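Observations on the model geometry
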Amino acid sequence: MKRVALIGMPNTGKSTFFNRVTGASARVGNWPGITVDLMTAKILLGGDMVEIVDLPGIYDVHGFSDDERVVRQLLETAPIDLVAIVLNAVQVDRQLALAIQVARLGLPSVLLLNMADEAKQFGIRIDTAKMAALLGMPVTLLSAKYGQGQPEAMATMARGLAKAVPASTDAIKSKLAEADRIENDAASVIIAAVDIPERLPAHVSDRIDAVLLHPWLGIPLFFLLMFLVFQGVFRLGEPMQQGLNGLFEWFKGAALVPLFAGLPALVSGFLLDGVYGGLVTVAAFVPLIVLFFLFMAVVEDSGYLSRAAFLTDALMSRLGLDGRGFVMMLLGFGCNVPALMGTRIMRSRALRLLTMLVIPVSLCSARLQVFMFLAAAIFTAQQAPWVIFSLYLASFGAAILTALVFRRSYKSDEPFVIELPPYRLPTARQIGLRAWQEVRHFLHRATRFIVIGVTLVWLLTHLPSTVPPGSAGTLAGMLGHAFEPLLSPLGIDQQLTLALIFGFIAKEVMIGAFAVIFGLEGQALATQLHANFDWVQGYSFMLFTLIYTPCLSTIATLRAESNSNAFAAISLVWGLALAWAVSLAFYQAMRHFGY
Ligand SMILES: Nc1nc2c(ncn2[C@@H]2O[C@H](COP(=O)(O)OP(=O)(O)OP(=O)(O)O)[C@@H](O)[C@H]2O)c(=O)[nH]1
Ligand SMILES: [Mg+2]
């Protein structure tokens, strides 16, 4: 099968185009370096099935950061039949050199000048015919986000593919090793074929930035914005979650209980209080997760992430990190795994490792579920949002502490320059795609971990069958007992211990585990938790949950990305030790002051 690769500078819309033509849902965002690994899909192009490959953005084919290496490796090892070079038409004067570089490698290429809509706004005129003649490759204007020019782009690619004479990977390999000087060639093409106004008209972005990047207002505004985001999630999400809980409860009473009535008590108990209870307690959080990612998608796609990096860079550099590290933490609010992979854009290994140590304390959406559930159960409706907000602050606090402890071991002096992309309004299509992708990810993890998790918890709390379920004589009771000396000074009892043990696998299992441990779900479970734990215990437990190992996937990613078992172990042990120390300090201090 023929293969078409999308190559271009970061943030030029390669993934947007890829999604549009393949119907895939590659992650898109207004931030250079969203794609860090290749993604492929098959499409029908000019009557043939071809494989289309979305790649991380590169500034230079000779680049050497981990994400640029992905591109080089592909060029050196896999035969590419056609390269579709995707450039930002607004910056064609700065980006054209990359097109010439790719062509020089001997790869059959076509040039897609994306973001034609923005170029038009700026009054930039491009003579594509002239440019094509000068470059010796077809050139077409495209607006991947809105779909204009897509049929032409597809036709150009099909024609290019039909004519293409593939270059051997050996030839490409040797050319990649040579340096080249192409700035002059690029400049002459620009002069001949592009008309850029002397002064670009003032963009709304600049006016917005005057406020959002204000030297004093910038950071407070950032926190205000984040506060509003999670307030929105909480206020809108909670009623939906309550509603779903009611629905699940009703379904259980109306349909499942009569259905399972004939089964032995142990089996129906396992199905109802184990599998069903665990699953629905977690499933009730789906609307909340969707809301959360909708808000995050807007933050991400608007271009505000780059501003956050810019605002925090000075602060972060005191911690041995840079603005990108902060953005990775923000991305970690969604899920730590892609955030860890996002560090591939860093060139210095030390900086990458330090950033990877910090990311796992970032309060991911799976932990958010646990906190929302516990905060709603243990605190009043007025207090709950503030409790969640304080946990976000604690998440930053733990990150800062981690960086301070490790910055001397991972020193780097990689200079950090960030380009601020213009603010862009996300389209409904983009947001919808993103939300759908997250729901799928959530359900995938949920079904994988939760069914196994709740089954195990149920077995542990019900075996051996000679003792009452959940009592000290069960396997769970013994396990809790074993950890008692370590965890009871933190106010964490045997039931909470069991939830922590399962939370180690994935945080999604945690509330499912509570449901099984107490044999209750929804509101009844919340009431039971309220009766069992006071707020000091609850908060101490939440702090521990926040800081210790996020999940097995995170550990696996840490190991794979650092290529070091020792590094993954350091991260694991540090997380556990810090969680223990912080919870201990909190719990003992509160009890000392008589709470
Ligand atoms: N105005 C406009 N914006 C676009 C267009 N195509 C993409 N974008 C926006 O540009 C930003 C970057 O898009 P991506 O598809 O993630 O870019 P990418 O080239 O894959 O970026 P990396 O993976 O980081 O290299 C997003 O905010 C898109 O919504 C377009 O044709 N017009
Ligand atoms: Mg991309």
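Looking now at the coordination of the magnesium ion (ligand 2). On the protein side, the magnesium ion (ligand 2) has S15 (OG) and T35 (OG1) as donor atoms, found 1.9 to 2.0 Å from it. In this pair, S15 is assigned in helix α1 (residues 14-22) and T35 in the loop between α1 and β2 (39-45), connecting sequence segments 20 residues apart. Note on accessibility: S15 and T35 belong to one class, buried.

So, on to empty space enclosed by the protein. Enumeration according to the criterion identifies five cavities of 30 Å³ or more in this entry. Volume-wise, the largest cavity comes out at about 200 Å³. Around the largest cavity sit 19 residues that line it, and N19, V28, Q430, I431 and L433 are the ones nearest its centre. At six residues, helix α19 (residues 428-462) tops the list of elements feeding residues into the lining of the largest cavity.

Before going further, it helps to examine helix α17 (residues 365-378). With 14 residues, α17 extends 20 Å between its outermost C-alpha atoms, agreeing within 8% with the 20 Å of an ideal straight helix rising 1.5 Å per residue. In terms of residue burial, α17 counts as a mostly covered element, since 13 of its 14 residues are buried.

It is worth spelling out the packing of aromatic side chains at this point. For the structure shown, the criterion picks out 23 aromatic pairs. Seen from their ring centres, F270 and W458 are 4.9 Å apart, and the 65° between their planes marks the pair as edge-to-face. In this pair, F270 sits in helix α11 (residues 265-283) while W458 sits in helix α19, placing the two residues 188 residues apart along the sequence. Among the residues examined, W458 registers a relative accessible area of 7% and is labelled buried. For the ring pair F292 and F293, a centre distance of 5.3 Å and an interplane angle of 85° mean the geometry is edge-to-face. Like F293, F292 is buried. Among the aromatic residues, those joined into a cluster by ring pairs are F222, F223, Y304, F326, F333, Y392 and F396.

About the criteria used
- Every chain begins its residue count from 1, and numbering advances along the sequence as written.
- Going through the entries in the order they are written, you letter the chains from A and number the ligands from 1.
- Side-chain atom pairs in this predicted model are given and counted only at pLDDT of 80 or more, local residue features only at pLDDT of at least 70, and totals for whole chains, interfaces and linings cover all residues.
- To get the side-chain values, all heavy atoms of the structure are used, and hydrogens and water are removed first.
- In this analysis a donor is any N, O or S atom within 2.8 Å of a metal ion (3.2 Å for sodium, potassium and calcium), and since water is not included, sites may seem incomplete.
- Strands here mean DSSP runs of E at least two residues long; helices mean DSSP runs of H or I at least four residues long; both are numbered from the N terminus.
- Relative accessibility thresholds used throughout: buried, under 20% of the residue-type maximum; exposed, over 50%; partly exposed, between the two (1.4 Å probe, protein chains only).
- Only protein atoms enter the calculation, which uses a 1 Å grid: trapped sets of points that fit a 1.4 Å probe without letting it out are cavities, open sets showing protein on both sides within 12 Å along at least five of seven lines are pockets, and any residue with an atom within 4 Å of a point is a lining residue.
- Grid points are joined across faces, edges and corners, and a volume is the space filled by probe spheres set on the points.
- Expected span, for any helix, means 1.5 Å times one less than how many residues it has.
- Stacked, tilted and edge-to-face pairs are distinguished by plane angle, under 30 degrees for stacked and over 60 for edge-to-face with tilted covering the rest, among Phe, Tyr and Trp rings (Trp via its six-membered ring) whose centres lie within 6.5 Å.

Functional significance is not addressed by these values, which are geometric in nature.
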